Amino acid sequence: MSLISKSQASLLTLSRYHVSKYVSKVRRYSEIKKKCYDIVVIGGGIVGSASARELILQHPGLKIALIEKEKRFAFHQSGNNSGVIHAGIYYKPGSLKAKLCVEGLNLSYKYLDDKQIKYSKCGKLIVATDRSEVGRLLDLYERGVKNGVKDLKLLDSKEIKELEPHCNGLQAIWSPHTGIVDWGVVTKSYVSDFEKCGGDSYLNFELNRFFESENAEYPVTITNSKDKTIHAKYVLTCCGLQSDTVAVLTGCPEEPKIIPFRGEYLYLVPEKSNLIKANIYPVPDPRFPFLGVHATPRIDGRVILGPNAILAFCKEGYKWTDLNVKELKEIINFSGFRKMALKYAGFGLKEMSRSLMTPLQVMQLQKYIQDITTKDVESGPAGVRAQAMGKDGTLIEDFVFDSKPGSGAIGSRVLHCRNAPSPGATSSLAIAKMIADKMKQEFKL
Ligand SMILES: Cc1cc2nc3c(=O)[nH]c(=O)nc-3n(C[C@H](O)[C@H](O)[C@H](O)COP(=O)(O)OP(=O)(O)OC[C@H]3O[C@@H](n4cnc5c(N)ncnc54)[C@H](O)[C@@H]3O)c2cc1C
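Reading guide: rules and limits
- Residues numbered from 1 in each chain as written.
- Predicted model: local features only at pLDDT ≥ 70, side-chain atom pairs only at ≥ 80, totals over all residues.
- Helix = DSSP H or I, 4+ residues; strand = E, 2+ residues; numbered from the N terminus.
- Buried ≥ 20, exposed ≤ 12 C-beta atoms within 10 Å, placed from the backbone.
- Contact = placed C-beta atoms within 7 Å.
- Expected span 1.5 Å × (residues − 1).
- Near = placed C-beta within 6 Å.
- Nonpolar A, V, L, I, M, F, W, Y, C, P; charged D, E, K, R; others polar.
- Pairing = 2+ DSSP bridges.
- Core = buried A, V, L, I, M, F, W, Y, C linked by C-beta atoms within 7 Å.
- Axes fitted to C-alpha atoms, helices over the stretch in contact; angles between N-to-C directions.
- Parallel < 35°, antiparallel > 145°, perpendicular 65-115°, else oblique.
- Left-handed = near helix turned anticlockwise from the far one by under 90°.

Student: Explanation requested: the overall build of the chain in the structure shown.
Tutor: Looking only at helices and strands, the chain features 13 helices and 20 strands. A burial count over the chain gives 44% of its 445 residues as buried. Contacts spanning at least 24 positions in sequence make up 74% of the contacts within the chain whose residues lie at least 6 apart.

Spelled out as structure tokens, the structure:
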């Protein structure tokens with residue numbers, strides 16, 4: 001005999017149904033809640049990672065996430081660069097770049113000491129090999145002094161030889177505080193600090209859309225290519241080579257447009273690594289401060305020679321064969337690129353021929369290190385530089401931030417770091433402080 005009547009049984013089924021619906025609602029809510037953040041930082045390069053770290057240090061009570069599209073942090077520029085801790089000599093006095101580099105160098109050395117990350121303060125020579133370069137070298141020296149770069153010295157050819165026996169030059173600037181480090185290792189260390197402070201990081205999460213959700217508390221919804229979502233009160237994007245594409249997603253203008261320039265390096269064969277002790281750089285052409293093949297010892301003991309600067313056929317084009325037709329079309333259709341290409345076609349062709357013919361690249365180096373021959377080099381790594389460019393073809397040298405002013409959640413809660421050029425790695429801790437201050441001010445954190 002049944003202990004409960006039919007009506008009691010259906011009542012029980014009904015309440016079970018309600019309880020399970022309630023439980024699944026609570027579960028769904030807590031799942032969503034897990035993916036709700038006060039701040040989401042997009043881009044796990046050195047700038048995004050340093051900023052996420054700084055934000056959580058300044059606001060330990062906030063829930064913060066760091067999102068990266070690749071399978072590891074520092075996958076692009078931050079893990080594929082020259083590895084130099086720059087002193088701040090080149091940059092226009094008073095510019096943000098000059099200030100952040102000098103500040104960043106000091107913060108970096110302190111950080112590297114605290115974390116016991118391997119680095120070497122091997123110094124840097126900027127060498128004039130031709131009389132026509134001496135005037136520019138002296139101007140650079142003045143700039144460095146104005147920027148507050150410590151202990152710069154002018155050397156004559158005998159003093160150059162004493163420091164670097166295989167280097168020839170008429171005159172040089174010696175910067176003793178320039179150093180080398182693996183910036184990829186530093187990026188991962190910033191991420192680890194961030195996680196230890198309670199931050200959540202997500203790899204393989206490629207942001208592909210922002211939209212305004214109905215959740216008044218977390219109104220910015222971010223989705224990825226696999227339809228996963230994360231909800232945020234505020235967002236910071238630091239997407240390097242993709243910074244223009246990502247900014248456009250929130251209604252920002254296309255400019256500054258990112259034009260990808262591949263920088264290819266050669267390796268000095270290990271038997272010849274002893275030819276180079278410090279960083280040895282030529283005097284830069286003021287029109288293209290990032291051009292000029294230099295010799296740089298690496299923290300792993302190898303010496304890299306380069307980079308050149310060649311238009312990459314896609315944003316993440318590390319090889320000649322990497323091609324994305326859509327991205328290449330976008331580059332070619334951009335009026336700024338066409339203007340620049342017309343003006344400096346000669347430079348571009350020279351850089352391309354040096355890429356294809358190693359002896360031409362070696363000839364550049366022989367100007368100041370005659371003992372290097374083509375037999376002493378082998379092909380090395382490459383990095384792709386995110387060169388920000390205006391509509392008129394000007395190369396944008398300083399930092400650019402963007403948001404879409406307006407009352408909507410997307411416009412008023414997303415900040416894009418659109419340009420963090422070299423020496424972005426050296427300056428990363430100083431950039432992070434500036435970004436955290438900016439977010440505090442703009443978003444009243
Ligand atoms: C060849 C070369 C040499 C250089 N040498 C030096 C040097 O010696 N010293 C120095 O201080 N600086 C140097 N720099 C500059 C320095 O590397 C950069 O300024 C710095 O790495 C920029 O960091 P970032 O975080 O802005 O960019 P990145 O390191 O490029 O990081 C951006 C990140 O955003 C991610 N991302 C993009 N889109 C999305 C998306 N939709 N969703 C999720 N994630 C996304 C990318 O995968 C990437 O990891 C060099 C640069 C190059 C290219």
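Structure shown, so let's carry the discussion forward.
Student: Before we go on, may I ask you to explain helix 6 (residues 183–196) in this structure?
Tutor: An α-helical turn contains 3.6 residues, so a residue and the one three or four places further along point in the same direction. The end-to-end C-alpha separation of helix 6 is 20 Å, in line with the 20 Å expected for 14 residues at 1.5 Å each. Looking at helix 6, one finds that the buried residues are Trp183, Gly184, Val186, Thr187, Lys188, Tyr190, Val191 and Phe194. The inward-facing, buried residues of helix 6 contact helix 2 (46–58), strand 2 (64–67), strand 8 (179–181) and strand 9 (200–202). Positive phi appears at Gly198, one or two residues downstream of helix 6, with a value of about 105 degrees.

Student: Which parts of the structure should I look at to understand the site of the ligand?
Tutor: Taken together, the neighbourhood of the ligand is formed by 40 residues, with Gly43, Gly45, Gly240, Gly383 and Gly424 sitting nearest. For the shell around the ligand, the secondary structure elements donating two or more residues are helix 2 and strand 18 (377–389). A class-by-class count of the residues in the shell around the ligand yields 17 nonpolar, 18 polar and five charged.

Student: What is the right way to look at the sheet that holds strand 3 (residues 84–85) in this model?
Tutor: Sheet strands line up and pair through hydrogen bonds in the backbone, either parallel or antiparallel. Strand order in this open sheet of three strands is 3-8-4, and the pairing throughout is antiparallel. Strands with a single pairing partner mark the edges of an open sheet, and in this sheet they are strand 3 and strand 4 (119–120). When strand 4 meets strand 8, the two strands line up antiparallel, connected through two bridges. The residue of strand 8 that forms the bridge with Ser120 is Ile180.

Student: Explain the nonpolar core to me, please; I cannot follow it from the model alone.
Tutor: Judged by nonpolar contacts, the single largest core of 99 residues is most densely connected at Val40, Val41, Leu125, Ala232 and Ile280. Here this core gets seven residues from one element, more than from any other, and that element is helix 13 (residues 428–443). Setting aside residues no more than four positions away along its own chain, Val41 makes contact with Gly48, Ser51, Ala52, Ile64, Leu66, Ile67, Leu236 and Cys238. Listed in part, the 14 residues of the second largest apolar core include Ile258, Ile310, Val384 and Ala388.

Student: Is there a simple way to think about helix 13 in this case?
Tutor: With 16 residues, helix 13 ought to run about 22 Å at 1.5 Å a step, and its terminal C-alpha atoms sit 22 Å apart, in line with that. Every buried residue of helix 13 is accounted for by Ser428, Leu429, Ala430, Ile431, Ala432, Ile435, Ala436 and Met439. On the buried face of helix 13, the contacting elements are helix 2, helix 3 (96–115), strand 12 (229–237) and strand 20 (414–419). A positive phi of about 50 degrees marks Lys444, the residue just after helix 13.

Student: For this particular structure, what's the right way to read the environment of Phe205?
Tutor: Inspection of the secondary structure assignment puts Phe205 in the loop between strand 9 and strand 10 (207–212). Sequence-wise, Phe205 and Val414 are 209 residues apart; in three dimensions their C-alpha atoms are separated by 18 Å.

Student: Would you take a moment to explain the environment of Phe210 for this structure?
Tutor: You can see Phe210 is positioned in strand 10. Residues within four places of Phe210 in sequence aside, it is in contact with Val220, Ile222, Leu249, Thr250, Ile410 and Val414.

Student: Would you mind going over the pairing of strand 14 (residues 279–282) with me for this structure?
Tutor: Within a regular strand, the side chains alternate between the two sheet faces. What you see with strand 14 is no split at all: Asn279 and Tyr281 on one side and Ile280 and Pro282 on the other are buried throughout. Across four bridges, strand 5 (residues 124–128) lies against strand 14 in parallel orientation. Among the inter-strand pairings, Val127 is bridged to a residue of strand 14, identified as Pro282.

Student: Just checking my understanding: could you explain the packing of helix 2 against helix 6 for this structure?
Tutor: Two measures define how a pair of helices packs: the angle their axes make with one another and the distance between the axes. In the contact formed by helix 2 and helix 6, the axes pass within 8 Å of each other and the chain directions differ by 30 degrees. Looking at the two axes, helix 2 sits roughly parallel to helix 6. Note that helix 2 runs across helix 6; the crossing there is left-handed. Touching Ile46, Ser49, Ala50, Ala52, Arg53 and Ile56 of helix 2 are Trp183, Val186, Thr187, Tyr190, Val191, Asp193 and Phe194, all from helix 6. For the contact of helix 2 with helix 6, the residue count by class is nine nonpolar, two polar and two charged.

Student: Would you explain the packing of helix 2 against helix 13 in this entry?
Tutor: Across the interface, helix 2 lies against helix 13 with an axial gap of 8 Å and an inter-helix angle of 55 degrees. It follows that helix 2 is oblique to helix 13 by the angle criterion. Here helix 2 runs over helix 13; the crossing is right-handed. Each of Ile46, Val47, Ala50, Ser51, Arg53, Glu54, Leu55 and Gln58 in helix 2 lies in contact with helix 13, whose residues at this interface are Ser428, Leu429, Ile431, Ala432, Lys433, Ile435, Ala436 and Met439. Its residues assigned to classes, the contact of helix 2 with helix 13 comprises 10 nonpolar, three polar and three charged.

Student: Is there a simple way to explain unusual backbone geometry in this structure?
Tutor: With glycine set apart, most residues show a phi of negative sign, and most peptide bonds adopt trans. In this model, Glu255 is joined to Pro256 through a cis peptide bond whose omega is 0 degrees. Residue Pro307 is reached from Gly306 by a cis peptide bond, and omega for that bond is 0 degrees. Phi is positive for Lys444, which is not a glycine, with a value near 50 degrees. Tracing the backbone shows Lys444 in the segment after helix 13.

Student: Sorry, what's going on with the environment of Asp437 here?
Tutor: Locating Asp437 in the fold gives a position in helix 13. Accessibility expressed as a C-beta count within 10 Å gives 12 for Asp437, which makes it exposed.

Student: Would you mind showing me how to read the pairing of strand 11 (residues 220–224) here?
Tutor: Pairing of strand 10 with strand 11, which is carried by five bridges, proceeds in the antiparallel orientation. Counterpart to Glu212 in the pairing with strand 11 is Val220. In textbook terms, the turn of a hairpin is the stretch between consecutive antiparallel strands, and for strand 11 and strand 12 this stretch comprises four residues, one of which, Asp227, has a positive phi near 65 degrees.

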